[in-house]
Amino acid sequence: MREAIELSIVNVTKGGGPFGAVVVKNGKIISEGTNNVTKKNDPTAHAEIVAIRAASKKLKTFDLKGCEIYTSCEPCPMCLSAIYWANIDKIYYANTKKDAAKIGFRDDHIYKEFSAPLNKRTIPIVQSMRKDALKAFELWEYKSDKVPY
């Protein structure tokens, strides 16, 4: 946790956001990440996402089972989803989402959007061409050499 916190502090001094994360396996740091959203013009460049990408690359797998993540702040909805998709075993965090909200990072509106009906969300969601798109799902369903994830 100390490393994740230190990364977050140093990142602020280097022009990044106040977030840091490390992925750990068997007690050893596998990867680290800092928030680089504004530095890289990438809205997905959150510390946890950066650390997960680096860990997956280093371990040569998309499945990070057996790993833990230490993050300087409670993960936002995107990062939390990525942690689940990566099969990370445990999350440790320092600052809370309320602490983040106090300095202008508001995740609450995203959580509220997830629970709202599709037609009540602030970004319109329109379904289109489902019948055509189902072809890829059918191919996947019957693919004998697929790698499930």
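The coordinates are above.
Residues numbered from 1 in each chain as written. Predicted model: local features only at pLDDT ≥ 70, side-chain atom pairs only at ≥ 80, totals over all residues. Heavy atoms only, no water.

Novice: Help me get a handle on the overall build of the chain, residues and values and all.
Specialist: Along the chain, the regular secondary structure elements total seven helices and four strands. Each helix and strand of the chain, placed in order from N terminus to C terminus, yields the pattern α-β-β-α-α-β-α-β-α-α-α. Looking at the chain as a whole, 31% of its 149 residues are labelled buried. Taking the intrachain contacts of the chain between residues at least 6 apart in sequence as the baseline, contacts between residues at least 24 apart amount to 45%. Carbon and sulfur atoms form 57% of the exposed surface of the chain, whose accessible area is close to 10,500 Å². (Helix = DSSP H or I, 4+ residues; strand = E, 2+ residues; numbered from the N terminus. Buried < 20%, exposed > 50% of the residue type's maximum accessible area, 1.4 Å probe, protein only. Contact = heavy atoms within 4.5 Å. Areas by Shrake-Rupley, 256 points an atom, 1.4 Å probe, with all protein chains shown as cover.)

Novice: Which residues make up the pairing of strand β2 (residues 28-34), and what values do they have?
Specialist: By the bridge criterion, six bridges tie strand β1 (residues 20-25) to β2 in an arrangement that is antiparallel. Bridge pairing in β2 links glycine 20 to threonine 34. Where β1 folds back on β2, the antiparallel hairpin that results is connected by two residues, among which asparagine 26 adopts a positive phi of roughly 50°. (Pairing = 2+ DSSP bridges.)

Novice: Give a description of the pattern of salt bridges that names residues and reports values.
Specialist: Counted according to the given criterion, the structure contains two salt bridges. For lysine 65, the salt bridge goes to aspartate 89, with nearest N and O atoms at 3.8 Å. Residue lysine 65 is located in the loop between α3 (47-59) and β3 (67-73), and its partner aspartate 89 is located in the loop between α4 (77-85) and β4 (90-95); the two are separated by 24 residues in the primary sequence. (Salt bridge = Lys/Arg side-chain N within 4 Å of Asp/Glu carboxyl O.)

Novice: Describe the state of the cysteines, with residues and values.
Specialist: The tally for this structure, following the rule as stated, stands at zero disulfides. Of all cysteine sulfurs in the structure, the one in cysteine 79 sits closest to cysteine 67, which takes part in no disulfide; the separation is 16 Å. Counting only cysteine sulfurs, cysteine 76 is the nearest neighbor of cysteine 73, a cysteine outside any disulfide, at a range of 9.0 Å. Classification of cysteine 73 by relative accessible area gives buried; the value is 4%. (Disulfide = S-S within 2.5 Å.)

Novice: Talk me through the environment of threonine 44; I want residue IDs and the actual numbers.
Specialist: Within the secondary structure, threonine 44 is located in the loop between α2 (37-40) and α3. Threonine 44 sits 38 residues away from glutamate 6 along the chain, and the two C-alpha atoms are 21 Å apart. Leaving out residues up to four positions away in the same chain, threonine 44 has contacts with Ile49, Arg53 and Met78.

Novice: Tell me about the sheet that holds β4, residues and numbers included.
Specialist: Taken in spatial order, the four strands line up as β2-β1-β3-β4 in an open sheet, and their pairing is mixed. Both edges of this open sheet fall to β2 and β4, since each of them pairs with a single strand only. Across the sheet, the mean angle from the axis of one strand to that of its neighbour is 15°, orientation sign disregarded. Sheet topology note: the β1/β3 ladder contains five bridges and is antiparallel. Within β3, the position partnered with valine 23 by the bridge is isoleucine 69. (Axes fitted to C-alpha atoms, helices over the stretch in contact; angles between N-to-C directions.)

Novice: Describe a nonpolar patch on the surface, and please don't skip the residues or the numbers.
Specialist: Residues Phe62, Trp85, Trp140, Val147 and Tyr149 make up a contiguous nonpolar surface patch of roughly 660 Å² in combined accessible area. Mapped onto the secondary structure, tryptophan 140 falls in helix α7 (residues 130-142). (Patch = residues over 30% accessible without salt bridge, like charges linked within 9 Å, V, L, I, M, F, W, Y side chains within 5 Å.)

Novice: Give me the lowdown on the nonpolar core, citing residues and values where you can.
Specialist: Ranked by internal contacts, the top residues of the largest apolar core, which has 20 residues, are Val23, Ile52, Leu64, Ile69 and Ile88. With five residues, α3 is the largest single contributor of residues to this core. Among the nonpolar cores identified, the runner-up in size contains five residues, and Leu7, Val22, Val24 and Tyr70 belong to it. (Core = buried A, V, L, I, M, F, W, Y, C linked by side-chain atoms within 4.5 Å.)

Novice: Kindly report on the packing of aromatic side chains, identifying the contributing residues and their values.
Specialist: A complete count under the given rule lists five aromatic pairs for this structure. On the numbers, 4.9 Å between centres and 85° between planes, the contact of phenylalanine 19 with phenylalanine 105 is edge-to-face. Remark: phenylalanine 105 occurs in the loop between α5 (97-102) and α6 (108-115) and phenylalanine 19 occurs in the loop between α1 (2-13) and β1; sequence separation between them is 86 residues. Overall, the relative accessible area of 32% leaves phenylalanine 105 in the partly exposed class. (Phe/Tyr/Trp six-rings, centres within 6.5 Å; stacked < 30°, edge-to-face > 60°.)

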